[in-house]
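Residues per chain are reported as follows:
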Amino acid sequence: MSTRGRQRVLRWTAAVVVFGAVGASAAYGITRMERTDVPGLATESDGRWDYPTLVRPPLQSGSPAPFADPDKAGAHYADLRKLLLPAPEGAKADAALRGKYGWLPTKTFLAQYADETERGTIAQLLTDYGLRHITARGWTTPDGTRTRIYLLQFNTAAVADELFTAKLTNHSSPSYPVRGADVSERDEDFPPRAEVDDVESNPYVESKPYGAEQVRQAYLSAGDTIGVIVQSRKGTAAPMPPPSSRP
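Note that the coordinates shown come from a computational prediction; the quantities given were computed from them, not determined experimentally. (Residues numbered from 1 in each chain as written. Predicted model: local features only at pLDDT ≥ 70, side-chain atom pairs only at ≥ 80, totals over all residues. Heavy atoms only, no water.)

1. Digging into the pairing of strand S7 (residues 200-206)
Next up, step 1: Within S7, six of the seven residues are buried, which leaves it mostly tucked inside the rest of the structure.
Next up, step 2: Pairing of strand S6 (residues 184-186) with S7 involves three bridges; the strand directions are antiparallel. Counterpart to Glu-185 in the pairing with S7 is Val-205.
Next up, step 3: By the bridge criterion, six bridges tie S7 to strand S8 (residues 213-222) in an arrangement that is antiparallel. (Buried < 20%, exposed > 50% of the residue type's maximum accessible area, 1.4 Å probe, protein only. Helix = DSSP H or I, 4+ residues; strand = E, 2+ residues; numbered from the N terminus. Pairing = 2+ DSSP bridges.)

2. Remarks on the pattern of salt bridges
Next up, step 1: Tallying each qualifying case throughout the model produces four salt bridges.
Next up, step 2: Here Asp-94 and Arg-146 are joined by a salt bridge, their closest N and O atoms 3.0 Å apart. On the criterion of sequence distance, the pair formed by Asp-94 in the loop between strand S3 (92-93) and helix H2 (106-110) and Arg-146 in strand S5 (residues 146-153) is long-range, its members being 52 residues apart.
Next up, step 3: Taking the relative accessible area as the measure of exposure, Asp-94 reaches 17% and is therefore buried.
Next up, step 4: Given the relative accessible area of 31%, Arg-146 is considered partly exposed.
Next up, step 5: Notably, a salt bridge pairs Arg-216 with Asp-187, separated by 2.8 Å at the nearest N-O pair. Taken as a pair, Arg-216 in strand S8 and Asp-187 in the loop between S6 and S7 lie far apart in primary sequence, 29 residues in all. In this structure, Arg-216 and Asp-187 share a single accessibility class: buried. (Salt bridge = Lys/Arg side-chain N within 4 Å of Asp/Glu carboxyl O.)

3. Here's the deal with unusual backbone geometry
Next up, step 1: The omega torsion across Lys-208 and Pro-209 is -5°, close enough to zero to call that bond cis.
Next up, step 2: Inspection of the secondary structure assignment puts Pro-209 in the loop between S7 and S8.
Next up, step 3: Residue Tyr-101 is not a glycine yet carries a positive backbone phi of 60°.
Next up, step 4: Mapped onto the fold, Tyr-101 is located in the loop between S3 and H2.

4. Description of the confidence of the model for the chain
Next up, step 1: With 70% of its residues at a pLDDT of 70 or more, the chain shows a mean pLDDT of 75.
Next up, step 2: Below a pLDDT of 50 lies the segment residues 1-46, which in the model reaches 177 contacts outside its immediate sequence neighbourhood of four places, other chains included. (pLDDT = per-residue confidence, 0-100. Contact = heavy atoms within 4.5 Å.)

5. Some thoughts on the environment of Pro-142
Next up, step 1: Locating Pro-142 in the fold gives a position in the loop between strand S4 (133-140) and S5.
Next up, step 2: For Pro-142, a relative accessible area of 70% translates into the label exposed.
Next up, step 3: Between the C-alpha atom of Pro-142 and that of Gly-90, which follows or precedes it by 52 residues, the distance is 6.9 Å.

6. Observations concerning the nonpolar core
Next up, step 1: With 27 residues, the main nonpolar core has Phe-109 and Val-228 as its most contacted residues.
Next up, step 2: Sorting the residues of this core by element identifies H2, helix H3 (116-128), S4, S5, helix H4 (157-168), S8 and strand S9 (225-234) as the ones contributing at least two each.
Next up, step 3: Among the elements that make up this core, the one with the highest residue count is H4 (four residues).
Next up, step 4: Ignoring sequence-local partners within four residues, the contact set of Val-228 consists of Phe-109, Gln-112, Tyr-113, Arg-148, Ile-149, Tyr-150, Leu-152, Ala-218 and Tyr-219.
Next up, step 5: Residues Ala-78, Leu-83, Leu-85 and Trp-139 belong to the second largest nonpolar core, which totals 15 residues. (Core = buried A, V, L, I, M, F, W, Y, C linked by side-chain atoms within 4.5 Å.)

7. Let's talk about the packing of aromatic side chains
Next up, step 1: Scanning all chains against the criterion turns up three aromatic pairs.
Next up, step 2: Judged by centre distance (5.7 Å) and plane angle (80°), the ring pair of Phe-109 and Tyr-113 falls under edge-to-face.
Next up, step 3: Taking relative accessible area as the criterion, Phe-109 reaches 2% and is therefore assigned buried.
Next up, step 4: Look at Tyr-113 and you get buried, because its relative accessible area is 0%.
Next up, step 5: Ring geometry for Phe-109 versus Tyr-150: centroids 5.1 Å apart, planes at 75°, classification edge-to-face. One end of the pair, Phe-109, is in helix H2; the other, Tyr-150, is in strand S5, and 41 residues separate them in sequence.
Next up, step 6: Cluster of aromatic residues (ring-pair linked, three or more members): Phe-109, Tyr-113 and Tyr-150. (Phe/Tyr/Trp six-rings, centres within 6.5 Å; stacked < 30°, edge-to-face > 60°.)

Here is the structure:
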């Protein structure tokens, strides 16, 4: 593999789960500590998006990695803000998701949901389940694909898992529509090879017919952290080719 090819390999800061989404290649990020490559997808990109090589952020002194035997709470002790997937080369950052010192106000996260009443419901859920903080990153690539990644951290893995499983997601559809996608369904084309141990995922795609913009979203749960990823793009683009066909 060439030097440029190695730079294109999608590596994990703590975790990166790769999806084919929005009719183009897409990367969804969530946290995990002990992996270095996406299983089955540690290959070159198809040439459209180049991500920088990731560096694992340091843990607090003496703290275990997530999912290690001593870590019964499934906690992430690294700085959550450093566990976000960085923007690919050439992308324009979404300044609205920077937050203050990297922490995003809850109301900014809630703004992605379509129904104002449901935003209030979700806000109450986050309060009831003891949300600690949210960090986020977003960008738009030259092909017009807009990506938004949110990481929501709670006190324990058990709390996060219950919220993820019982409140925010269903197998067939997300519990709450995001703006631009009134009706979504499970993405049955999500490749099994992109599944990662200890990371639960529910990927969804906007149901046809959709308008000028297509929206995809995914919810991920890893220990004490829930990831919410939303991508949208006007028009369509070629889907991500399989690893065997990449350069």
